[in-house]
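Residue strings, one per chain:
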Amino acid sequence: MTAPLRERFEAAFMPNYGVPPVALARGEGCHVWDEDGNRYLDLIAGIAVSSLGHAHPALAEAVSKQAATLAHTSNLFVNEPEVLLAERLLGLLSAPGRVFMANSGTEANECALKIALKYGKANGRTYFVAAENGFHGRTLGALSLTGKASIRDQFGPFPIDVRFVPYGDADALKQAVTDDCAAVFLEPTQGEAGVVPPPAGYFTAAREICDATGALLVLDEIQSAIGRTGHWFAHQHDGILPDVLTLAKGLGGGMPIGACVGFGDAATIFAKGDHGSTFGGNPVSAAAALAVLGTIESEGLLAHVRAVGVRLAEGIAAIRHPLLSGVRGRGLWLAAVLTEPRSVEVQDAARRAGFLVNAVQPDAVRIAPPLIITSEQAESFLAALPAILQEAAA
């Protein structure tokens, strides 16, 4: 069944994704099945999206109930789920602010960029700072802020002046950010770069640098928020508050959604007509997000993420294999770091063993399972990993 579907995919779709090796048919909890009936433990979660796994009753009920009631309103009308969601997010952030609802992470970052552009123009600020190897999206605005030459350079020149600095280097950041800088865009951990965390104190320093110069601090939490690291938002580990926060992925639990949250002056800088989205605030996606947030809270998943994340990290670190150099990350957002560029081989060997992982970088394998993964499921992966590494090495 898989081979014919892959052939149809190749014939119908643009070639930007290549042809994925697996055709998924259904999912339940942390497991998915392909078209041939093979079962896998999902340790990707749709790139940190499927927070509650697959076919979770709370998510299914919220989506079906809302779709049967009111599926779309546009931005010409108010719907209660979007208002409830905005209020809920602000409550979790414990800070006054304003929310813009979008459809994806890229769109949330486009909104943040427009906020920063308007702020910069109003205050005579002419450039932006972002991190080398950072990833903020593939639309032209978000790509302008993305520090990955392999996906960026062929689409330049870009509409804004962005200066890139090494991630985690507070001194380099301080030198780059002057009174002419409009905003600094950073990820609390660099996801697409291979789940690369910052050194301790880096974000406290970033907050101080932006406060001293008047630049906005924009944090891209597209992957890291909604419990992924064991806190609602990854920046809460550092006890800071950004000026602008962007969200997506895990917020909808599988439904498309994004959000941009502004604080202080950034909350109200937009005037009527400055920005918009036909599908932003869609009531079905908002209902799904409310179900995700409610379930994370009611089932105590933040503490669960921390506990299972520690076990996974410690278990990977304890494995002695020449292909494995260590593990990095926090919560259920980890990378097994390799001594050689064999992540694709590890990904393929894991799939053959019944586990889905992601070769995010040539020497890093991303592990980002649903937040509901059990300790037993985590242990099954740890038990299988040495043989997976051995097959990949061979």
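Just so it is clear, the structure is predicted and the values come from calculations on it, not from any experiment.

## Quick look at the side chain of H136
For H136, the position within the fold is in the loop between β5 (127-131) and α6 (140-144). A relative accessible area of 3% means that H136 is categorised as buried. At a separation of 2.8 Å, a polar atom in the side chain of H136 contacts the side chain of D220. Contact partners of H136, with chain neighbours within four places excluded, come to T106, N109, A142, L145, T146, F185, L186, E187 and D220.

## Topic: the environment of G281
With respect to the element layout, G281 can be found in the loop between β10 (258-263) and α10 (283-298). Sequence separation of G281 and F135 is 146 residues, and the distance between their C-alpha atoms is 24 Å. Each residue touching G281, except ones within four places of it in the same chain, is listed here: N79, E82 and M101.

## A closer look at the nonpolar core
If you look at the biggest cluster of nonpolar residues, it comprises 83 residues, and the most contacted ones within it are L173 and L186. The dominant element in this core, judged by the number of residues it contributes, is helix α13 (residues 375-393), at eight residues. Apart from residues no more than four positions distant in its own chain, L186 is found in contact with A131, H136, L173, Y202, F203, A206, L217, V218, L219 and D220. Formed by 22 residues, the second largest nonpolar core is a distinct cluster that contains L145, I160, V218 and A266.

## Re the packing of helix α11 (residues 301-317) against α13
It is the contact of α11 with α13, at a shortest axis distance of 10 Å, that shows an interaxial angle of 10 degrees. Relative to α13, α11 is oriented roughly parallel. Residues V308, R311, L312, G315 and I316 of α11 lie in contact with α13, whose contacting residues are S375, A378, E379, F381, L382 and L385. Classifying every residue of the contact of α11 with α13 gives seven nonpolar, two polar and two charged.

## Some remarks on the sheet that holds strand β7 (residues 181-186)
Taking strand neighbours across the sheet as the criterion, the seven strands line up as β4-β10-β9-β8-β7-β5-β6 in an open arrangement whose pairing is mixed. A strand with exactly one partner marks an edge of an open sheet, and here the two such strands are β4 (97-102) and β6 (162-165). Sheet twist, expressed as the average angle between the axes of neighbouring strands with direction ignored, equals 20 degrees. Strands in contact with helix α4 (residues 80-93) are β4, β9 (244-247) and β10; relative to β4, the strand with the most contacts, it is inclined by about 130 degrees. Its contacts with the sheet put helix α9 (residues 202-213) on β7 and β8 (216-220), and the angle it makes with β8 is roughly 145 degrees.

## Quick notes on α11
Relative to the 24 Å expected for 17 residues at 1.5 Å per residue, α11 spans 24 Å between its end C-alpha atoms, a close match to the ideal helical length. Among the residues of α11, L301, L302, V305, V308, G309, L312, G315 and I316 are the ones counted as buried. Down the axis of α11, the buried side of the element spans an arc of 155 degrees, and every buried residue falls inside it. Looking at the buried positions of α11, the neighbouring elements they touch are α10, β11 (324-330), β12 (333-338), β15 (364-367) and α13.

## Digging into the pattern of salt bridges
Tallied over the entire structure, the rule returns ten salt bridges. Two residues, R352 and E391, come together in a salt bridge whose shortest N-O distance is 2.7 Å. Here R352, found in helix α12 (residues 343-352), pairs with E391, found in helix α13; they are 39 residues apart in sequence, far enough to count as distant.

## Here's the deal with the sheet that holds strand β13 (residues 355-356)
Note on sheets: strands pair through backbone hydrogen bonds, and any given pair is parallel or antiparallel. In space, the four strands of this open sheet follow the order β1-β2-β3-β13, with mixed pairing throughout. A strand with exactly one partner marks an edge of an open sheet, and here the two such strands are β1 (24-28) and β13. With three bridges joining them, strand β2 (residues 31-34) and strand β3 (residues 39-42) adopt antiparallel strand pairing. Within β3, the position partnered with W33 by the bridge is R39.

## Focus on the packing of α12 against α13
Each pair of packed helices gets described by two things: the angle between the helix axes and the distance between those axes. Between α12 and α13, the shortest axis-to-axis distance is 8 Å and the interhelical angle comes to 130 degrees. In terms of orientation, α12 lies oblique with respect to α13. In the crossing of α12 with α13, the sense of the turn from one axis to the other is right-handed. For the pair α12 and α13, the contacting residues are E345, V346, A349, A350 and R352 in the first and I388, L389, E391 and A392 in the second.

Cut-offs applied
Residue indices begin from 1 for each chain and proceed along its sequence in written order. Note on the predicted model: pLDDT of at least 70 is required for a residue's local features to be given, and 80 or more for side-chain atom pairs to be given and counted; whole-chain, interface and lining totals, by contrast, use all residues. Hydrogens and water molecules were not included; the side-chain quantities draw on all heavy atoms of the structure. Where helices and strands are cited, they refer to DSSP runs of H or I of at least four residues and of E of at least two residues respectively, numbered from the N terminus. Type-normalised accessible area, obtained with a 1.4 Å probe on protein chains alone, sets the label of each residue: buried when under 20%, exposed when over 50%, and partly exposed for intermediate values. We call two N or O atoms a polar contact when they sit within 3.5 Å, provided that within protein one can donate a hydrogen and the other can accept it, with sequence-adjacent residues counted only if both atoms are side-chain atoms. Contact definition: two residues touch when any of their heavy atoms are within 4.5 Å. Side-chain atoms within 4.5 Å link the members of a nonpolar core, which is a set of buried Ala, Val, Leu, Ile, Met, Phe, Trp, Tyr and Cys residues. Axis lines are fitted through C-alpha atoms, for helices just across the contact stretch, and the angle between N-to-C directions can take any value from 0 to 180 degrees. Reported orientations rely on four angle classes, namely roughly parallel under 35 degrees, roughly antiparallel over 145, roughly perpendicular from 65 to 115, and oblique for the rest. Classes in brief: Ala, Val, Leu, Ile, Met, Phe, Trp, Tyr, Cys and Pro nonpolar; Asp, Glu, Lys and Arg charged; the others, Gly included, polar. When DSSP finds two or more bridges between two strands, those strands count as paired. Helix span, as expected, comes to 1.5 Å for every residue beyond the first. This arc describes the spread of directions from the helix axis toward the C-beta atoms. Salt bridge, as applied in this entry: a Lys or Arg side-chain nitrogen positioned within 4 Å of an Asp or Glu carboxyl oxygen. Left-handed is the label given to a crossing in which the near helix is rotated counterclockwise from the far helix by less than a right angle, and right-handed is the label when the rotation is clockwise.

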